[in-house]
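Chain residues, written in single-letter form:
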Amino acid sequence: STRNCPCRMSQLPPKSPLPSPVSEGTNSRVESLDNLSMDSFWLEVENIKQSTEGEQEECSLADVKTQEEGEAEAEWLQDAGLSDLLGDRASENDNIVLLSTLTKTQAAAVQRRLDTYSRSRRRKNKHPVRDVRDIFGVVSSEETAAEKEESSPDQLWHNLRTSNVQRKTQDYSCTVRNPGKEEVFNMDVAYSEQAAVLLKGSFLSESRKLKDGSALTKFKIPKGRLGVTRIGDLSAQDMKKIPTLALIELTALCDILGFELKRNKAAKLKTTEKRLFGVPLNTLLENDQKLLPNTKVPLLLQSLLSCLEKRGLETEGILRVSGSQTRIKSLEQKLERDFYTGLFRWDEVHQNDVSGLLKRFIRELPAPLLTAEYLPAFAAVQNIPDLKQRLQALNLLILILPEPNRNTLKALLEFLSKVVARENNNKMNLWNVSTVMAPNLFMHKGLPNKIPEGKEKQLAEGAADVVRMMIHYQDLLWTVSSFLVAQVRKLNESNSKRYQFCDKRIKNLLRKIHADKDKVEKNQAEPSKIVKVHASLLLKDSLEVHLNNATRVADVLRQFQKNLCQNGWNIVNTVNLLKCNNSMECTNLLLYEVGGNIGEHCLDPDTYLLDLYHINPHAEWIIKQNPSHPRMF
């Protein structure tokens, strides 16, 4: 009875099973989960049920209807920034720029969906739609039948999925991961391309005890010559390009792994008279920004987290032990009335009641924090056998999330990490926190129930496992892969060129794309370069820097610091510069790459600047002060 609550969980079964060794890896992971207690999960489900008793059950999201063939593909193409391909004779130029940046696996994913959409439209006897060959090139009359078959969209994807796998099934191996051992997490090569290579090799399964984080595999992102880019390092203009690229890449990854990426259709949200609970994130932020500009996370959530951090982190059973439902509902009414006036007294509220308010705030959002569209995809991550590929999918899903949802989720996960860090006092380890928070993130009363009978335990454990990964690996998940940054640069470059799409076949397009990617945009006869670094907000002068193959961002900041203190430069503003032993702290300064093929990019201290100069020679480099916010809000 505890499992039949008014809240619903969306789930996504695998499209088709992977080879048997991988399935065995999945089974071993599920068996290790079986050994863990799910009592906290079902207790939380019961608490949610009790908290909704007596309330009018009203779905704020429209029921998700089954889509007809072709509708899902049309929505996907639109969300992937390729809506112009759906028209009869729409201009191709707007899409050519994006298509030109795609990898082989990404292009195959686009082809499959455009082909499915085209076939469905023809079967419905509606007005003609553009043939796939009109987009990716018309095959010449001299082309042989074999070449036609090889270049067809479905055949190209099939080749990617099965190349060498069927012939070499005996080479398929499943190696057990060594818990605690550090592994490399490659972000230079597209995840789908890595998966295509892995299909020819072996997967790593996990034999792990998930009750604490020490048993989890450690991953390290290798820093290339261009450093690592975190979410928040790119300008808003460039970040707007990331979700479409991430969606295409996630779809390509799922295609290679044999999973169908299903998404719920976005629904219109009903308005509410409340100001805090049950209000869309965008509305909350719009109201909060009137009081505090540049707010990125709702002020109410900030207050709830701040209160718990001050007085609740040491409380035994925090988050798990439920507060009084009567008090929580009363406190909600007081917050609605007094929060913005500043009259609400947080010091008078019991910590368990505050944690109850936190979970209620998340549940009462009109749409799930993970979004109605992608909640099934987040839930489906559990079905990917390989841990690294689960994290790759999660990384892409995080990048797809709208900015308000992503920032709010990050603030929540940072707090949950602090709870886990106090495990010795509050008795809440990583798995406890994950099982308690999973129902609040994955169950929503506005979504229809799609749980097959007998699958409740499996889906509950999978949801808790996904939350566990988001908490433990959040630093990795909030990184923008180097291959995505490279695609953004290519987009920005191509947008200015607007070159004509003249390839006659998809193979020619891919050949051209990869030839462009393989070109090293370096002048080998130029081993060094003298550039100017500006700091207009701090100095009237610019810094002249001699670059060589060993010059890093950190070196330039140290040189700037040294000249600032020793040479008596004309300082414009030192009010916010940190001083230590009569010297400026270079850790309070950041170097930004501005213009050229990027909007604005906060550089990793380990970025090698001569390499960056060769990639973006037309950019300006500007030193700015570090906003120094411990969080993203």
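Before reading on, note that the structure itself is shown above.
Residues numbered from 1 in each chain as written. Predicted model: local features only at pLDDT ≥ 70, side-chain atom pairs only at ≥ 80, totals over all residues. Heavy atoms only, no water.

Draft legend 1. Geometry of the overall build of the protein. Across its full length, the protein holds 26 helices and 15 strands. When each of the 633 residues of the protein is scored for burial, the buried share is 54%. A total of about 28800 Å² of accessible surface is found on the protein, and carbon and sulfur atoms cover 48% of it. (Helix = DSSP H or I, 4+ residues; strand = E, 2+ residues; numbered from the N terminus. Buried < 20%, exposed > 50% of the residue type's maximum accessible area, 1.4 Å probe, protein only. Areas by Shrake-Rupley, 256 points an atom, 1.4 Å probe, with all protein chains shown as cover.)

Draft legend 2. Examining helix H15 (residues 351-363) more closely. Here H15 spans 19 Å end to end across 13 residues, near enough to the 18 Å set by a 1.5 Å rise per residue. Where burial is concerned, most of H15 is hidden: 13 out of the 13 residues are buried. (Expected span 1.5 Å × (residues − 1).)

Draft legend 3. Inspection of the pattern of salt bridges at higher detail. Tallying each qualifying case throughout the model produces 24 salt bridges. In this structure, Asp555 engages Arg552 in a salt bridge whose closest nitrogen and oxygen atoms are separated by 3.9 Å. By relative accessible area, Asp555 is classed as partly exposed at 26%. A salt bridge links Arg552 to Asp606, with the nearest nitrogen and oxygen atoms 2.5 Å apart. Of this pair, Arg552 sits in the loop between strand S10 (543-547) and helix H25 (553-566) while Asp606 sits in the loop between strand S14 (598-602) and helix H26 (609-615), placing them 54 residues apart in sequence. Residue classification places Arg552 among the partly exposed residues on the basis of a relative accessible area of 21%. If you follow the salt bridges from partner to partner, you end up with Lys223, Arg552, Asp555, Arg558, Asp604 and Asp606 in one network. (Salt bridge = Lys/Arg side-chain N within 4 Å of Asp/Glu carboxyl O.)

Draft legend 4. Just the side chain of Gln351, in detail. Mapped onto the elements, Gln351 comes out in helix H15. Among the polar contacts made by the side chain of Gln351, one reaches the main-chain carbonyl oxygen of Arg311 at a distance of 2.9 Å. Not counting residues within four places of it along the chain, the set of residues in contact with Gln351 comprises Leu308, Arg311, Gly312, Thr315 and Ile318. (Polar contact = N/O pair within 3.5 Å; in protein donor to acceptor, adjacent residues only side chain to side chain. Contact = heavy atoms within 4.5 Å.)

Draft legend 5. View of the environment of His601. Position of His601 relative to the elements: it lies in strand S14. Since its relative accessible area comes to 3%, His601 is described here as buried. Spatially, the C-alpha atom of His601 lies 9.9 Å from that of Arg230, the residues being 371 residues apart in sequence.

Draft legend 6. The arrangement of the environment of His618 in detail. Inspection of the secondary structure assignment puts His618 in the loop between H26 and strand S15 (620-625). For the pair His618 and Val594, spaced 24 residues apart in sequence, the C-alpha separation works out to 8.9 Å.

Draft legend 7. Just the packing of aromatic side chains, in detail. Taken as a whole, this structure holds 8 aromatic pairs when the rule is applied. Centroid distance Phe219 to Tyr473: 5.8 Å. Interplanar angle 55 degrees. Geometry classified as tilted. Of the two residues, Phe219 sits in strand S5 (residues 218-220) while Tyr473 sits in the loop between helix H21 (456-472) and helix H22 (474-477), which places them 254 residues apart along the sequence. By relative accessible area, which is 14% here, Phe219 ends up buried. An aromatic cluster is defined as three or more aromatic residues linked by ring pairs; in this entry it consists of Phe185, Tyr191, Phe219, Tyr473 and Phe483. Arg225 extends its terminal NZ or CZ atom over the ring of Tyr608, reaching a point 3.8 Å from the ring centre. (Phe/Tyr/Trp six-rings, centres within 6.5 Å; stacked < 30°, edge-to-face > 60°. Lys NZ or Arg CZ within 6 Å of the ring centre and 35° of its normal.)

Draft legend 8. Molecular detail of helix H12 (residues 281-291). Residues of H12 that are buried: Leu281, Leu284, Leu285 and Asp288. Down the axis of H12, the smallest arc covering the buried residues is 95 degrees, so these residues share one side. Tucked into the core, H12 has its buried residues touching helix H13 (299-311), H15 and helix H18 (403-421). (Arc of directions from axis to C-beta.)

Draft legend 9. Spatial organisation of the pairing of strand S13 (residues 589-595). Burial within S13 is extensive, with 6 of its 7 residues counted as buried. Relative to S15, S13 runs antiparallel, the two sharing 6 bridges. Pairing of Leu591 across the sheet is with Ile623, part of S15. Here 4 bridges tie S13 to S14, and the two strands are oriented antiparallel to one another. Within S14, the residue paired with Glu593 across the bridge is His601. (Pairing = 2+ DSSP bridges.)

Draft legend 10. Region of interest: the sheet that holds S15. Read from one edge to the other, the open sheet built from 5 strands follows the order S10-S9-S15-S13-S14, with strand pairing classed as mixed. Each edge of the open sheet carries a strand with a single partner, namely S10 and S14. The average undirected angle you get between the axes of adjacent strands in this sheet is 30 degrees. (Axes fitted to C-alpha atoms, helices over the stretch in contact; angles between N-to-C directions.)

Draft legend 11. Expanded view of the side chain of Arg263. On the secondary structure map, Arg263 appears in the loop between helix H11 (242-257) and H12. Residue class for Arg263 comes out buried when judged on its relative accessible area of 15%. Here the side chain of Arg263 touches Asp79 through a polar contact of 2.7 Å, side chain to side chain. In terms of polar contacts, Arg263 uses its side chain to reach the side chain of Tyr374, at 2.9 Å. Not counting chain neighbours up to four residues away, the residues in contact with Arg263 comprise Glu75, Trp76, Asp79, Leu247, Glu373 and Tyr374.

Draft legend 12. Inspection of unusual backbone geometry at higher detail. In the Ramachandran plot, Thr371 falls in the positive-phi region, its phi being about 75 degrees despite a non-glycine side chain. You can see Thr371 is positioned in the loop between H15 and helix H16 (375-380). Although it is not a glycine, Lys427 adopts a positive phi angle of roughly 60 degrees. Topologically, Lys427 is positioned in the loop between helix H19 (423-426) and helix H20 (430-442).

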